Amino acid sequence: MGQKDLTGSEKSKIVRYLAEGCSSLKIAKLLKRDHRTFKRFIQNSQQGRKKRVEKPRRKITAHELRKVKRAAAKMPLATSLAIFQSCNITGVPKSTRCAILRDMAKVRKAERRPPLNKTHKLKRQDWAKKYLKTDFSKVLWTDEMRVSLDGPDGWARGWIGKGQRAPVRLRRQQGGGGVLVWAGIIKDELVGPFRVEDGVKLNSQSYCQFLEDTFSKQWYRKKSASFKKNMIFMQDNAPSHASKYSTAWLARKGLKEEKLMTWPPCSPDLNPIENLWSIIKCEIYKEGKQYTSLNSVWEAVVAAACNVDGEQIKTLTESMDGRLLSVLAKKGGYIGR
């Protein structure tokens, strides 16, 4: 009998014979193999897998650490490899690079914001100067928001406990569409939200008809003459908002000249209702929630809007004085939200 390695079939038979209570000598005779080969297999099986020997990590000096910190500040969103290569630091494995960077930086997404050129910044400054003494409790801030079935990014992530499986998320071939929502806020009051009919594209005519059926009939018409006299209507510069047709329609409602706020280009950060949209989206998509129909996501929007109290809205509308001062301090630059 030779001492060649055991085949897979022979190993399986050994395990079966051992389970049946056969002795090692008897199993060796049944397989017609050398007893020493059998014993070597048993010993190797009992030892188990050898632990991987950890190689010593490449250490970096305090001087190199300062260089990495400066490079991380100068190169936002760069990979760990690119940051270390810019410092001429080589031979550092990825796990070590990430461990070093975690002490001085965070992995974050790039912020999405409209581009601001010199003309935009000048117009933002002029707008801030014009409305610096405005009573913003009289301004109705309006905007539209689109909500989808799966959330803004279509995916969700979060902590999962050990031993638990991540919940399954629906995967849609075409995304499932979304719902367009319009709303306004003034002082501590929420106007709406109102749903734009599915399939309707908001051009000048459909936008004005929508405002007539919702904003005008359901809210504005019920207000007193003194309220209408002092109210200022704000909307952004979307083509359907800024067209001659829409401007003429608003003028017929008495919303013209000083009662229709001029709006600087590329300035969603100046509109407090954008913060309201963030509050609503955080609520309807919490814990990675998804929806199976447009009606269900619309019902979630309505429920979330009902939970926004007057104090929250008042905090948003009262933030305008600070936003104007920030625009002037940053010479028309982006101020965040």
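Let me sum up the structure you'll find in this document.

The rules behind the values
Residue indices follow the written sequence of each chain, beginning from 1 at its first position. A pLDDT threshold of at least 70 governs which residues receive local features in this predicted model, and a stricter bar of 80 or more applies before side-chain atom pairs are shown or counted, although totals over entire chains, interfaces and linings include all residues. Only hydrogens and water are removed before side-chain values are computed, so all heavy atoms of the structure are retained for them. We count a stretch as a helix when DSSP gives it H or I for four or more residues in a row; a strand needs E for two or more, and each element gets its number in order from the N terminus. Whether a residue is buried, partly exposed or exposed follows from its accessible area with a 1.4 Å probe, protein chains only, as a fraction of its type maximum: under 20%, in between, or over 50%, in that order. We call two residues in contact when some of their heavy atoms are within 4.5 Å. Methods summary: accessible areas were calculated by the Shrake-Rupley approach with a probe of 1.4 Å, and residue burial reflects only the protein chains presented. Here, axes are lines fitted to C-alpha atoms. For helices the fit covers the stretch in contact, and angles between N-to-C directions go from 0 to 180 degrees. In this scheme the handedness of a crossing depends on how the near helix is turned from the far one: anticlockwise by less than a right angle means left-handed, clockwise means right-handed. Under this grouping Gly is polar, as are all residues other than the nonpolar Ala, Val, Leu, Ile, Met, Phe, Trp, Tyr, Cys and Pro and the charged Asp, Glu, Lys and Arg. Roughly parallel refers to an angle under 35 degrees, roughly antiparallel to one over 145, roughly perpendicular to one between 65 and 115, and oblique to any angle outside these ranges. For two strands to be treated as a pair, DSSP must find at least two bridges joining them. Definition of a polar contact: a pair of N or O atoms within 3.5 Å, with one able to donate and the other able to accept a hydrogen when the atoms are protein atoms, and with sequence-neighbouring residues admitted only if both atoms are side-chain atoms. Salt bridge, as used here, is a side-chain nitrogen of Lys or Arg placed within 4 Å of a carboxyl oxygen of Asp or Glu.

1. Re the overall build of the chain
Then, number 1: Regarding its fold elements, the chain presents 15 helices and four strands.
Then, number 2: Out of the 337 residues belonging to the chain, those deemed buried represent 37%.
Then, number 3: Sequence-distant contacts, at least 24 apart, represent 76% of the contacts inside the chain between residues at least 6 apart.
Then, number 4: When the accessible surface of the chain is totalled, it reaches about 22,100 Å², and 52% of it is carbon and sulfur.

2. Some thoughts on the packing of helix α1 (residues 8–19) against helix α2 (residues 24–31)
Then, number 1: Following both chains from N to C, one finds α1 and α2 inclined at 140°, their axes separated by 10 Å at the closest point. Crossing geometry of α1 relative to α2 is assigned as right-handed. Contacts from E10, K13, I14, Y17 and L18 of α1 reach α2 at I27, L30 and L31.
Then, number 2: A breakdown of the residues in the contact of α1 with α2 according to their chemical character gives six nonpolar, no polar and two charged.

3. Notes on the packing of helix α12 (residues 273–284) against helix α13 (residues 294–306)
Then, number 1: Look at α12 against α13: their axes get within 9 Å of each other, and the N-to-C directions meet at 120°. With respect to α13, the element α12 is oriented oblique. Two packed elements cross with a definite hand, and for α12 against α13 that hand is right-handed. In this structure, α12 uses I280, E283 and I284 to contact α13, whose residues at the interface are A300, V301, A304 and A305.
Then, number 2: Class assignment of the residues belonging to the contact of α12 with α13 gives a composition of six nonpolar, no polar and one charged.

4. Describing the pairing of strand β1 (residues 139–148)
Then, number 1: Most of β1 is tucked away, with eight of its ten residues classed as buried.
Then, number 2: Direction of pairing for β1 relative to strand β4 (residues 232–234): parallel, over a ladder of three bridges. Of the residues in β4, the one forming a bridge with W141 is M234.

5. Focus: the sheet that holds β1
Sheet strands associate in pairs through backbone hydrogen bonding, adopting either a parallel or an antiparallel arrangement.
Then, number 1: Taking strand neighbours across the sheet as the criterion, the four strands line up as β3-β2-β1-β4 in an open arrangement whose pairing is mixed. Either end of the sheet is taken by a strand with one partner, and the two such strands are β3 (189–195) and β4. With strand direction ignored, the average angle separating the axes of adjacent strands in the sheet is 20°.
Then, number 2: Packing of α13 onto the sheet brings it into contact with β1, β2 (178–186) and β3, and relative to β3 it is tilted by some 175°.
Then, number 3: Contacting β1, β2 and β3, helix α14 (residues 310–317) runs over the sheet at an angle of about 75° to β2.

6. Digging into the side chain of S204
Then, number 1: Looking at the secondary structure, you find S204 in helix α8 (residues 204–218).
Then, number 2: Here the side chain of S204 touches S243 through a polar contact of 2.6 Å, side chain to side chain.
Then, number 3: For S204, the residues in contact, after removing those within four places along its chain, are P239, S240, S243, Y245 and S246.

7. What to know about the pattern of salt bridges
Charged atoms that come close allow side chains of opposite charge to pair.
Then, number 1: Considering all chains together, one arrives at seven salt bridges under this definition.
Then, number 2: One salt bridge in this structure joins R124 and D269, with 2.9 Å as the shortest N-O distance. Taken as a pair, R124 in helix α7 (residues 118–130) and D269 in the loop between α11 (244–252) and α12 lie far apart in primary sequence, 145 residues in all. Taken individually, R124 and D269 each receive the classification buried, so the pair is uniform in this respect.
Then, number 3: Three or more residues are tied together by salt bridges with common partners; here these are E212, R221 and K253.

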